[in-house]
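# Per-entry structural report
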Amino acid sequence: MNKKILILCVTIIASITASANNGIKRQITATTFDQSEDFENWLVNQEYVSWVKLLDNVSPSDSLRGVVIASPSRHDPDYYYHWVRDGALVMNSVVQELEASNYFNPEEINELMFDYLTWVRTIQPKNGPGGLGEAKYFVDGRPYDLPWGRPQNDGPALRAVTLMNWASILWKAGHKDFVLKNLYKAELPAISPIKKDLEYVSHHWQEPCFDLWEETMGDHFYTRMAQLRALRQGALLARAANDISAAEWYSQQAEQISWALGQHFNSSAGYIVTTLNTSRSGLDVATVLALLHTYDPNDPLLSFSNEWVLATVANVERAFERVYTLNQKGYPAIAIGRYPEDVYYGGNPWFLATNAFAEYYYRLRAELSQLSTITITDKNIDFFERLIQDHPLKIHQQLPVDGNLLNKISSKGDEFLKRTRFHIGPNSNSMMEQYQRDHGYQLSAKDLTWSYASFITAMKARAEIKR
Ligand code: NOJ
Ligand code: NOJ
């Protein structure tokens, strides 16, 4: 869809629901939770609105073009910056539209990507205090230079992946020369944006850094998965660009990262631990985000139905059931936050985390629908018992993957989006960063760009199973 028409449609929708944030202030009661009759219509509308609100945060008028602000909020919290991670994830949801083409035509997407590319070229050479691993930039292109958790090495990896996803679509469409000239050049020192990020990733992945939540210095599952995806994809691109020794180097480093990732599969915990050697549980939505953000059906890193993944998902859910009062009120879906020990803004559920769980269940369903049975193991039994609920399972049992099981999985995905809907409220379309753990009112950064991107990618996964 043409961006202008899209904006027009949604302005109409938005003016109908003009009382915007009143929804946030309303008392949340169990009776208003179940609004499922018109759920499908709500999803479609919310997806449109998410696009409009996402685009509002791209190239705002007082910034350089290509900037993705994390949120329009300028104080409490001040999110009026371009975070490398948020920018890459948001633009990756834009790139995915090139193949889905539901809302935009390719020229519109490419225009957004050209701006992003120009911006990346502006910030990459600025040597901020965190080097290429600098987490955030002022909207005029200066690296943030006050004290901050740095470096955050997921950023360059995610950015390379977004640009490579774009490059591969352009290449297939016959624009190989553009890619080789502007995105990946086989030269050292690296100047082209993808190669610059890949060189950084391949030479620095072994160094501890701050995690995606900008709090913990160490070795992180999420960061390593992003680095692994970047280097696997990078090796293919390097080979295609006839940069053979680079392809070999990226592959070798990728293999070592795979090996290092093994350390996060913690057998005494029984699940994937997000950061090595901390005193925390290690349960974190970042593990699920890692799978979603590195998903490539042609080169899976770790399957959605892997027993360790299922064990982690079940344990993350249970941890959030325990810590949030909101999860003890008898509503169907579990409110999901970053990690159970979180204290930022009081430690609350986040929209991007809740939407990620929806997306996870949709992707799991798509993957399991390829199988006829799944073997129950000591690791996945908990997940399937929680899902099926009505009867106990036995280890080694073959659980049939029938319509009933698949529907339970997609319904569970839908429940998370219903949870999101509930906290958006009936008179609003906006998603802040968080909703409060006891009463569910929204809080922290308003119109968080990543909240909208996470809704859009969840809807994409949902559409894929409907197809
Ligand atoms: C700001 C970061 O963006 C957030 O992730 C973190 O939780 C707080 N600082 C507290 O360190
Ligand atoms: C705080 C989050 O923890 C971090 O992941 C994010 O990049 C920034 N906010 C900006 O949205």
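Residues numbered from 1 in each chain as written. Chains lettered and ligands numbered in written order. Predicted model: local features only at pLDDT ≥ 70, side-chain atom pairs only at ≥ 80, totals over all residues. Heavy atoms only, no water.

### Overview of the overall build of the protein
Per the secondary structure count, the protein includes 16 helices and 10 strands. The C-alpha radius of gyration of the protein comes to 21 Å, within 12% of the 23 Å expected for a compact globule of 467 residues. In terms of principal-axis extent, the alpha carbons of the protein reach across some 60 × 55 × 45 Å. Across the 467 residues in the protein, those meeting the buried criterion constitute 60%. Intrachain contacts of the protein at a sequence separation of at least 6 include 68% that bridge at least 24 residues. When the accessible surface of the protein is totalled, it reaches about 18,800 Å², and 52% of it is carbon and sulfur. (Helix = DSSP H or I, 4+ residues; strand = E, 2+ residues; numbered from the N terminus. Rg over C-alpha atoms; globule rule 2.2 N^0.38 Å. Buried < 20%, exposed > 50% of the residue type's maximum accessible area, 1.4 Å probe, protein only. Contact = heavy atoms within 4.5 Å. Areas by Shrake-Rupley, 256 points an atom, 1.4 Å probe, with all protein chains shown as cover.)

### A word on the nonpolar core
Judged by nonpolar contacts, the single largest core of 144 residues is most densely connected at Leu-54, Trp-213, Tyr-360 and Phe-384. Counting residues per element, this core draws most heavily on helix α13 (residues 351-368), which supplies 11 residues. Each of domain 1 (1-60 + 303-467) and domain 2 (63-263) contributes no fewer than three residues to this core. Each residue touching Phe-384, except ones within four places of it in the same chain, is listed here: Leu-310, Leu-368, Ile-374, Ile-376, Gln-389, Leu-393, Leu-399 and Leu-405. (Core = buried A, V, L, I, M, F, W, Y, C linked by side-chain atoms within 4.5 Å. Domains from an automatic or database assignment.)

### Examining the site of ligand 2
In the vicinity of ligand 2, 13 residues are found, and the nearest of them are Tyr-79, Arg-85, Asp-86, Leu-212 and Arg-338. Here a nitrogen atom of ligand 2 sits 3.3 Å away from a polar atom, N or O, in the side chain of Tyr-79. Here an oxygen atom of ligand 2 sits 2.6 Å away from a polar atom, N or O, in the side chain of Asp-86. In terms of residue class, the shell around ligand 2 is made up of eight nonpolar, no polar and five charged. For the shell around ligand 2, the two domains that each supply at least three residues are domain 1 (1-60 + 303-467) and domain 2 (63-263). (Near = heavy atom within 4 Å. Polar contact = N/O pair within 3.5 Å; in protein donor to acceptor, adjacent residues only side chain to side chain. Nonpolar A, V, L, I, M, F, W, Y, C, P; charged D, E, K, R; others polar.)

### Overview of the domain arrangement of the protein
Domain boundaries in the protein define domain 1 (1-60 + 303-467) and domain 2 (63-263). Between the C-alpha centres of domain 1 and domain 2 there is a distance of 26 Å. Domain 1 puts 31 residues into the contact, and the matching count from domain 2 is 34 residues. Linking domain 1 with domain 2 are one salt bridge. Taking the shortest distance from any N to any O, the salt bridge between Glu-215 and Arg-338 comes out at 3.1 Å. (Salt bridge = Lys/Arg side-chain N within 4 Å of Asp/Glu carboxyl O.)

### Points about the packing of helix α4 (residues 84-100) against helix α5 (residues 106-123)
At a minimum axis distance of 9 Å, the contact between α4 and α5 shows a crossing angle of 155 degrees. Taken together, the axes of α4 and α5 are roughly antiparallel relative to one another. Here α4 runs over α5; the crossing is left-handed. For the pair α4 and α5, the contacting residues are Gly-87, Ala-88, Met-91, Val-94, Val-95, Glu-97 and Leu-98 in the first and Pro-106, Ile-109, Asn-110, Leu-112, Met-113 and Tyr-116 in the second. Residues that form the contact of α4 with α5 fall into these classes: 10 nonpolar, two polar and one charged. (Axes fitted to C-alpha atoms, helices over the stretch in contact; angles between N-to-C directions. Parallel < 35°, antiparallel > 145°, perpendicular 65-115°, else oblique. Left-handed = near helix turned anticlockwise from the far one by under 90°.)

### A short note on α5
Spanning 18 residues, α5 covers 26 Å between terminal C-alpha atoms, matching the ideal 26 Å at 1.5 Å per step. Buried residues of α5: Glu-108, Ile-109, Asn-110, Leu-112, Met-113, Asp-115, Tyr-116, Leu-117, Trp-119, Val-120 and Ile-123, and no others. (Expected span 1.5 Å × (residues − 1).)

### Description of the pattern of salt bridges
Inspection of every chain in the model, using the stated rule, returns 26 salt bridges. Residues Arg-462 and Glu-40 are paired through a salt bridge, measuring 2.8 Å at the closest nitrogen-oxygen approach. Placement of the pair is Arg-462 in helix α16 (residues 449-466) and Glu-40 in helix α3 (residues 39-56), with a sequence separation of 422 residues. Here Glu-40 falls in the partly exposed class, since its relative accessible area comes to 41%. Each of the salt bridges in this network shares a partner with another, and the network as a whole consists of Arg-85, Asp-86, Asp-154 and Glu-214.

### As for the site of ligand 1
Taken together, the residues surrounding ligand 1 are Trp-148, Trp-213, Glu-214, Glu-215, Arg-338 and Tyr-344. In this structure, an oxygen atom belonging to ligand 1 sits 2.7 Å away from a main-chain N or O atom of Trp-213. Note that an oxygen atom of ligand 1 is positioned 2.4 Å from one of the side-chain N or O atoms of Glu-215. For ligand 1, the protein covers 71% of the area, taking 300 Å² as the surface of the free molecule.

### Some remarks on the packing of aromatic side chains
Scanning the model with the defined rule gives 32 aromatic pairs in all. Between Phe-221 and Phe-265 the ring centres are 6.3 Å apart and the planes differ by 70 degrees, which places this aromatic pair in the edge-to-face class. Pair noted here: Phe-221 is in helix α9 (residues 221-240) and Phe-265 is in strand β5 (residues 265-266), with a separation of 44 residues, a long-range link. Summarising the aromatic geometry, the rings of Phe-304 and Tyr-360 are spaced 5.9 Å apart at their centres and angled 65 degrees between planes, so their arrangement reads as edge-to-face. Remark: Tyr-360 occurs in helix α13 and Phe-304 occurs in the loop between α11 (285-293) and α12 (307-323); sequence separation between them is 56 residues. Taking the relative accessible area as the measure of exposure, Phe-304 reaches 3% and is therefore buried. Since its relative accessible area comes to 0%, Tyr-360 is described here as buried. (Phe/Tyr/Trp six-rings, centres within 6.5 Å; stacked < 30°, edge-to-face > 60°.)

### Let's talk about the confidence of the model for the protein
Here the protein shows a mean pLDDT of 92. Residues at 70 or above account for 92%. Predicted confidence for residues 1-35 stays below pLDDT 50, and this span has 55 contacts to residues more than four positions away or in other chains. (pLDDT = per-residue confidence, 0-100.)

### Structural notes on α9
When the terminal C-alpha atoms of α9 are compared, their 29 Å separation across 20 residues agrees well with the 28 Å that a helix rising 1.5 Å per residue should span. Within α9, 16 of the 20 residues are buried, which leaves it mostly tucked inside the rest of the structure. Directly after α9, the chain includes Asn-242, whose backbone phi takes a positive value near 65 degrees.

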